[in-house]
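Breakdown of the fold
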Amino acid sequence: MSRSARLVPVGTPALAALLALTLTACDGGVHGTPGGSGVHDPYFPKAGNGGYDVTHYGLTLSYDPGTHRLTGKAVITARATEDLSAFDLDLKGLDVEDVTVEGSRARFSRAGQELTVRPHDDLDKGETFSTTVRYSGTPETITDPDESEEGWLRTADGALALGEPTGSMAWFPGNDHPSDKASYDIAVTVPKGLQAVSNGELTRETTTGGRTTFAWHTAEPMATYVATLAIGHYDITRYTTKSGLPVYVAVDPKQTEASRKVLAKIPEIMEWEEYNFGPYPFSSTGAIVDRPDDAGYALETQTRPVFPGAPDTGTLVHELAHQWYGDSVTPKTWRDMWLNEGFATYAEWLWDEDHGGDTVQQTFDAVYDGDYFDNADQAKAIWAFPPAKPSSAAHISDRPVYERGAMVLHKIRQKVGDDTFYDIIQGWAAAHRHGNADTAEFTAYVEKMAPDKDFDAIWDDWLYGDGKPDHR
Ligand code: TRP
Ligand code: ZN
């Protein structure tokens, strides 16, 4: 609901009804205003919504791969951050049957990805409120500005939900922006014989009447874009690591053979990452491996990254490193993507260095010189824009965000030395554990950790500067 729409004169019954709806009186006066669509993300302005902060999603879903039909109930617990007469949820496609807020029927309307809810009673700033949305339909695959596909993907034997950057709205209503993290309970009912795998820990698996329900619990805050759901036939492997961490790995049977050796490295990689990045921030780990054409790319879905076919070790190291950098410390906006991808790429380089491969300095030099890449176009593309300022939404996952982001970290390491560098990357993960952070907070943190050093040239040339820096 735009501001101007609320100011039209009362001329028709429809407009009168609209006004009555919007200008909800409370205590004799109007106190709430609509929360607003979007949270002013510089790259995805409609993503997320203003006026509230979600603390918990309770999703009860049912899916039938035969008909591709999803039936859902979302119970969203949130705290109002302002007085609200209305608020938006993000939801793309699907039919909404009804919405209640605090148990009372609410009016709602839809426009694009915005589901606008007008509660029966205004919400007060600071109030915790519960919204229930019942919905169903055939979930959509979303094509991103960079042409990649996310949201709800049909697979050879089921479906796969991936959400970076804005795909969660294809399968549940919510505040679809990384700045609003919440805990989750996701219960999924599928035809008996299929598995449903999601984030966190499996708390219940029950079969009745030819259908099986899998209930998954995520206690730690999770951004919508790393929520996942995989439905299909999977070979499941469960165990606990030496340090007692539960591992749940689901592999498409066609990928089992090719994946076995690399997935067996999960405990070793986790141990190495804990040593380098600090304590693991979540209560379980694992992986989901689908077929290469089911998922076009790997994604760091929380506790259980998704891979398109058997990953190589570097990709496994990368997605597990994201659990610290991306999933636990989550960017405030999509502009801060390099804080995810630069760190996860640097983790791959470090892994090589620690396991008899190239040193990070050698990798850095190869990127700078162009030898790292398969062809001259890629070698040039890395300098297309600075890591902290992607040129547009279509480019938030381009090379500068990855390798050049990693180069920023290496420049910091060169300046401060190994001891302080590891203090910085571990301290950063600890300082913002389960939270959000942006680039300015990162540079301030680095400066605080090495007060006698001058980082201006690194920030100016490597982080924010256009083009290839003159010297390495
Ligand atoms: N984050 C993924 C990785 O591990 C890559 C990716 C997939 C991505 N989808 C995206 C990045 C959408 C940005 C936007 O590298
Ligand atoms: Zn990544």
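A quick note: this is a predicted structure, and the numbers were derived from the prediction, not measured. (Residues numbered from 1 in each chain as written. Chains lettered and ligands numbered in written order. Predicted model: local features only at pLDDT ≥ 70, side-chain atom pairs only at ≥ 80, totals over all residues. Heavy atoms only, no water.)

Brief notes about the site of ligand 1
- Taken together, 14 residues form the shell around ligand 1, and within it Glu164, Glu300, Glu319, Glu341 and Tyr402 come nearest.
- Within the side chain of Glu319, one N or O atom sits 2.6 Å away from an oxygen atom of ligand 1.
- The fraction of the free accessible surface of ligand 1 (360 Å²) that becomes covered by protein chains is 93%.
- Its residues placed into classes, the shell around ligand 1 shows seven nonpolar, three polar and four charged. (Near = heavy atom within 4 Å. Polar contact = N/O pair within 3.5 Å; in protein donor to acceptor, adjacent residues only side chain to side chain. Areas by Shrake-Rupley, 256 points an atom, 1.4 Å probe, with all protein chains shown as cover. Nonpolar A, V, L, I, M, F, W, Y, C, P; charged D, E, K, R; others polar.)

Overview of a negative patch on the surface
- Taken together, the side chains of Glu447, Asp454, Asp456, Asp460, Asp461 and Asp470 define an acidic patch exposed on the protein surface.
- Among the elements that line the negative patch, the one with the most residues is helix H11 (residues 456-463), at three residues. (Patch = residues over 30% accessible without salt bridge, like charges linked within 9 Å, V, L, I, M, F, W, Y side chains within 5 Å. Salt bridge = Lys/Arg side-chain N within 4 Å of Asp/Glu carboxyl O. Lys, Arg positive; Asp, Glu negative; His and termini not counted. Charge placed at Lys NZ, Arg CZ, Asp CG, Glu CD. Helix = DSSP H or I, 4+ residues; strand = E, 2+ residues; numbered from the N terminus.)

A few points about the sheet that holds strand E5 (residues 69-80)
- Strand order in this open sheet of eight strands is E8-E7-E11-E5-E4-E15-E18-E17, and the pairing throughout is mixed. In this open sheet, the two strands that pair with only one neighbour each are strand E8 (104-105) and strand E17 (201-208). (Pairing = 2+ DSSP bridges.)

Re the packing of aromatic side chains
- In this structure the tally under the stated criterion is 31 aromatic pairs.
- Ring geometry for Tyr280 against Phe282: centres 5.8 Å apart, planes inclined by 85 degrees, an arrangement best described as edge-to-face. The pair formed by Tyr280 and Phe282 is uniform in burial state, with each residue classed as buried.
- Each ring, one from Tyr368 and one from Trp462, has its centre 6.3 Å from the other, and the planes form 40 degrees; the classification is tilted. Of this pair, Tyr368 sits in helix H6 (residues 360-369) while Trp462 sits in helix H11, and the two are 94 residues apart along the sequence.
- Given a relative accessible area of 8%, Tyr368 falls into the buried group.
- Aromatic rings pair up to connect Trp272, Phe277, Tyr280, Phe282, Trp324, Tyr325, Trp338, Phe343, Trp351, Trp428, Phe442 and Tyr445 into one cluster.
- The cationic tip of Arg399 hangs over the ring face of Tyr402; the distance from NZ or CZ to the ring centre is 5.6 Å. (Phe/Tyr/Trp six-rings, centres within 6.5 Å; stacked < 30°, edge-to-face > 60°. Buried < 20%, exposed > 50% of the residue type's maximum accessible area, 1.4 Å probe, protein only. Lys NZ or Arg CZ within 6 Å of the ring centre and 35° of its normal.)

From the geometry alone we can't say anything about function, so treat these as descriptive.
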